[in-house]
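# Tertiary structure, described
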Amino acid sequence: MVDTMLRGYKDIARVGLVGGGVIGTGWAVRCLANGLDVSMTDPAPEAEARIRETIARTWPTMEQIGLAEGASVDRFSFHPTIEAAVDEADFVHENVPEREDVKTSVIAEISKHLSAEVIISSSSSGLLPTSIQSEALAPERVIIGHPFSPLYILPLVELVGGEQTSAEAIAKAAGYFTRIGMRPLHVRNEIEAYIGDRLQEALWHEALHLVNDGIATMQEIDAAITGGPGLRWAFMGIGMGWHVAAGEGGMRVNMQHFAPTLELPWTKLKAPPFTERLNDLVVEGCEAQQGDRHWLEMEQRRDQALIKIREVIQEYWYPEDQDGWPKVRELP
Ligand SMILES: NC(=O)c1ccc[n+]([C@@H]2O[C@H](COP(=O)([O-])OP(=O)(O)OC[C@H]3O[C@@H](n4cnc5c(N)ncnc54)[C@H](O)[C@@H]3O)[C@@H](O)[C@H]2O)c1
């Protein structure tokens with residue numbers, strides 16, 4: 001399986017990035033740190049300066065995580081057009097705003113400047129690949145490669161193919177993502193918002209109802225996650241979290257125990273109407289938690305916390321079924 005997944009990744013030396021906001025810049029940082037050449041384009045007038053500043057600011061974090069041989073910020077280049085940015089690229093990420101019409105036409109434009117075997121990976125958070133590949137040349141190489149922010153630290157990337165995507169493109173992309181230190185998850189059935197964002201949306205809808213109905217503040221909602229289930233979710237997910245929490249008998253017991261509650265009105269799921277009042281409650285709730293802390297300081301503390309959490313999980317929890325993961329620590 002690993003052999004199939006890794007097929008083709010060795011050919012990838014230069015990555016082209018179209019769109020350099022939060023996600024495009026995140027790809028730049030991860031790819032540079034993994035020893036690749038990166039060429040990027042973004043039409044915003046301030047884009048190049050902002051992107052270079054973000055790469056420089058994040059580089060010490062990447063040095064701390066560990067740079068690949070030959071990794072250097074000097075291997076970054078910025079270009080005025082899509083054509084120039086993807087010229088000679090072996091793999092391309094599209095990271096423009098989440099609008100189907102914009103993505104469809106940008107992907108079509110990218111495809112005109114690449115040979116047919118070069119994969120075009122959209123960072124979309126939830127659009128269907130069948131739609132956004134529809135106008136591309138050689139649409140079989142268009143996939144979704146959906147990361148999670150900060151993508152230079154978090155390893156998950158969801159791979160989704162559309163009706164025209166080839167199995168080979170998915171396998172080749174999985175090899176590339178593994179090569180740049182990520183954990184590809186193939187979403188085998190095309191669906192809006194894939195897996196990760198559907199789960200986040202469900203939780204978010206419920207949080208919005210609690211705020212909208214005056215039951216909890218944003219601070220209380222965050223506390224209910226970070227001190228309890230969130231700590232487990234980071235390494236066990238929800239299935240194994242409850243399986244182990246139930247003790248002997250695991251999920252078999254847990255399902256029986258909580259079966260009656262499935263009938264109770266414990267969730268609303270459909271989001272409440274978006275009103276100015278709800279917007280203010282959510283935004284002010286987060287800003288109150290931030291206080292007078294600068295967002296850059298919070299970004300750095302988040303990154304440091306994530307690096308430590310990953311180290312602890314790798315040390316104590318069961319290693320992934322992949323080469324290169326450290327041995328789990330013996331229990332006392
Ligand atoms: N922000 C996140 O946490 C996150 C996580 C996963 C996936 N995504 C997805 O990644 C994509 C990008 O999101 P983002 O948060 O980086 O957005 P962003 O608004 O920060 O960046 C988008 C960038 O695209 C540029 N752009 C606009 N039109 C363009 C064009 N025609 N060609 C090239 N560049 C163009 C803009 O100037 C901007 O810099 C979206 O599809 C989003 O849903 C975002």
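Take the pairing of strand 1 (residues 14-18) next. Here strand 1 lies mainly inside the structure; four of its five residues are buried. Regarding the hand of the β-α-β motif, the stretch spanning strand 1, helix 2 (residues 22-33) and strand 2 (residues 37-41) is right-handed.

A grouping of Glu276, Asp280, Glu284 and Glu287 is seen on the molecular surface, where their side chains present a negatively charged patch. The exposure class of Glu276 is exposed, given its relative accessible area of 65%.

For any two helices packed against each other, one specifies the inter-axial angle together with the distance between the axes. Between helix 3 (residues 47-65) and helix 13 (residues 295-316), the least distance of the axes is 11 Å, while the angle of their chain directions is 10°. Relative to helix 13, helix 3 is oriented roughly parallel. Taken together, the residues of helix 13 that come into contact with helix 3 (itself represented by Arg57, Thr61, Gln64 and Ile65) are Trp295, Leu296, Glu299, Asp303, Gln304 and Ile307. Residues that form the contact of helix 3 with helix 13 fall into these classes: four nonpolar, three polar and three charged.

On domain assignment, one finds that the protein holds domain 1 (2-187) and domain 2 (196-316). One C-alpha centre belongs to domain 1, the other to domain 2; they are set 29 Å apart. Regarding the contact of domain 1 and domain 2, the summed buried area is about 1100 Å², with carbon and sulfur atoms giving 49% of it. Of all residues in domain 1, the largest losses of buried area upon contact with domain 2 belong to Arg57, Gln64 and Ile153, amounting jointly to 43% of the total for that side. Arg57 is the partner of Glu299 in a salt bridge, and the nearest nitrogen-oxygen pair spans 3.1 Å. On inspection of domain 1 and its partner domain 2, the count reaches seven residue pairs in polar contact (both at pLDDT 80 or more). Per-element accounting of the side of domain 1 that touches domain 2 gives the leading share, four residues, to helix 3. Residue composition of the side of domain 1 that touches domain 2, grouped by class: seven nonpolar, four polar and two charged.

Each value, and the rule that gives it
Residues numbered from 1 in each chain as written. Predicted model: local features only at pLDDT ≥ 70, side-chain atom pairs only at ≥ 80, totals over all residues. Heavy atoms only, no water. Buried < 20%, exposed > 50% of the residue type's maximum accessible area, 1.4 Å probe, protein only. Helix = DSSP H or I, 4+ residues; strand = E, 2+ residues; numbered from the N terminus. Right-handed = clockwise from strand over helix to strand, strands pointing away. Patch = residues over 30% accessible without salt bridge, like charges linked within 9 Å, V, L, I, M, F, W, Y side chains within 5 Å. Areas by Shrake-Rupley, 256 points an atom, 1.4 Å probe, with all protein chains shown as cover. Salt bridge = Lys/Arg side-chain N within 4 Å of Asp/Glu carboxyl O. Lys, Arg positive; Asp, Glu negative; His and termini not counted. Charge placed at Lys NZ, Arg CZ, Asp CG, Glu CD. Axes fitted to C-alpha atoms, helices over the stretch in contact; angles between N-to-C directions. Parallel < 35°, antiparallel > 145°, perpendicular 65-115°, else oblique. Contact = heavy atoms within 4.5 Å. Nonpolar A, V, L, I, M, F, W, Y, C, P; charged D, E, K, R; others polar. Domains from an automatic or database assignment. Buried area = accessible area lost by both parts, 1.4 Å probe. Polar contact = N/O pair within 3.5 Å; in protein donor to acceptor, adjacent residues only side chain to side chain.

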